[in-house]
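A look at the structure
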Amino acid sequence: MARQIRLDQIDDVMEEAIVKLVRSTTLQWTLLVKNATPVDTGRLRNAWQTEIKPFQGTVTNNVEYAEPVCFGQNLPPSWGGQYRTRQNTIAGFPELIGKQLEQYARVEYQKIVRGI
């Protein structure tokens, strides 16, 4: 049976749903980006940091070579102007994961709303 929600409760119920969605999507992104991060010493993979606030999830990496490895930008001179990793990682893989998560977020939202 569906949950009965009074009109004056809709904003609280929807706020709860969005907070859950932000949390689950941010944690899923963290998992996927860590698994996709190429490993040499493991420092880059272990440096991913996740911060979750009620309406905002942030995933960052402060390792100095994260930008070249993850996005293929600001390549060091030793790379000779060519993007490369030992695991043949795709430059921009964090953005590709973000695009994949659009569908994940839709599905998760439906699950959350159905559970209300």
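As a reminder, the structure under discussion sits directly above these lines.
In what follows, the accompanying structure is described.

Cut-offs used in this document
Going along each chain's sequence as written, the residues are numbered from 1 onward. Reporting of local features is limited, given that this is a predicted model, to residues whose pLDDT is at least 70; pairs of side-chain atoms are given and counted only at 80 or more, and all residues count toward the totals for whole chains, interfaces and linings. With hydrogens and water set aside, each side-chain value is computed from the structure's full complement of heavy atoms. Only strands that DSSP links by at least two bridges are regarded as paired with each other. By the criteria applied, helices consist of DSSP H or I runs no shorter than four residues and strands consist of E runs no shorter than two, each listed in order from the N terminus. Each helix should span, by expectation, one fewer than its residue count multiplied by 1.5 Å. What we call the bend at a residue is the angle made by axes fitted to the seven residues finishing there and the seven residues starting there. Per-residue accessibility, obtained with a 1.4 Å probe over protein chains only, is compared with the maximum for each type, and a residue is labelled buried under 20%, exposed over 50%, and partly exposed between these values. Between two residues, a contact is recorded if the distance between any of their heavy atoms is within 4.5 Å. To define a nonpolar core, start from buried Ala, Val, Leu, Ile, Met, Phe, Trp, Tyr and Cys residues and group those joined through side-chain atoms within 4.5 Å. In this analysis, rings of Phe, Tyr and Trp, with Trp reduced to its six-membered ring, are considered paired at centre separations within 6.5 Å, and the interplanar angle assigns stacked below 30 degrees, edge-to-face beyond 60, and tilted for intermediate values.

Where strand 1 (residues 48-53) lies against strand 2 (residues 56-61), six bridges are found, and the strand directions are antiparallel. Within strand 2, the residue paired with Ile-52 across the bridge is Gly-57. Where strand 1 folds back onto strand 2 in an antiparallel hairpin, the turn is made up of two residues.

Counted at 1.5 Å a residue, the expected span for helix 4 (residues 93-115) with its 23 residues is 33 Å, and the 32 Å between its end C-alpha atoms agrees. When the local axis directions of helix 4 are compared, the greatest deviation, roughly 30°, occurs at Leu-101. Turning to helix 4, its buried residues are Phe-93, Pro-94, Ile-97, Leu-101, Ala-105, Glu-108 and Ile-112. Tucked into the core, helix 4 has its buried residues touching helix 1 (10-36) and helix 3 (66-71).

This paragraph deals with the environment of Ile-90. Structurally, Ile-90 is set in the loop between helix 3 and helix 4. Ile-90 sits 52 residues away from Pro-38 along the chain, and the two C-alpha atoms are 9.9 Å apart.

Right, let's talk about the nonpolar core for a bit. Counting residues in hydrophobic clusters, the biggest one holds 14 residues, and the most contacted among them are Trp-29, Val-33, Leu-44, Trp-48 and Ile-97. When near neighbours in sequence (up to four residues on either side) are disregarded, Trp-48 contacts Trp-29, Val-33, Lys-34, Thr-37, Val-59, Thr-60, Asn-61 and Cys-70.

All right, on to the packing of aromatic side chains then. Scanning the entire structure with this criterion turns up two aromatic pairs. Ring plane angle 80° and centroid distance 5.9 Å describe the contact between Trp-29 and Trp-48, whose orientation is recorded as edge-to-face. Here Trp-29 is found in helix 1, whereas its partner Trp-48 is found in strand 1, with 19 residues between them in sequence. One exposure class covers both Trp-29 and Trp-48, and it is buried. Pairing Trp-79 with Tyr-83 gives two aromatic rings, centres 6.0 Å apart and planes at 65°, and the pair type is edge-to-face.

Mapped onto the elements, Thr-30 comes out in helix 1. Of the residues examined, Thr-30 reaches a relative accessible area of 9% and is grouped as buried. If sequence neighbours within four positions are ignored, Thr-30 has contacts with Thr-50 and Val-59.

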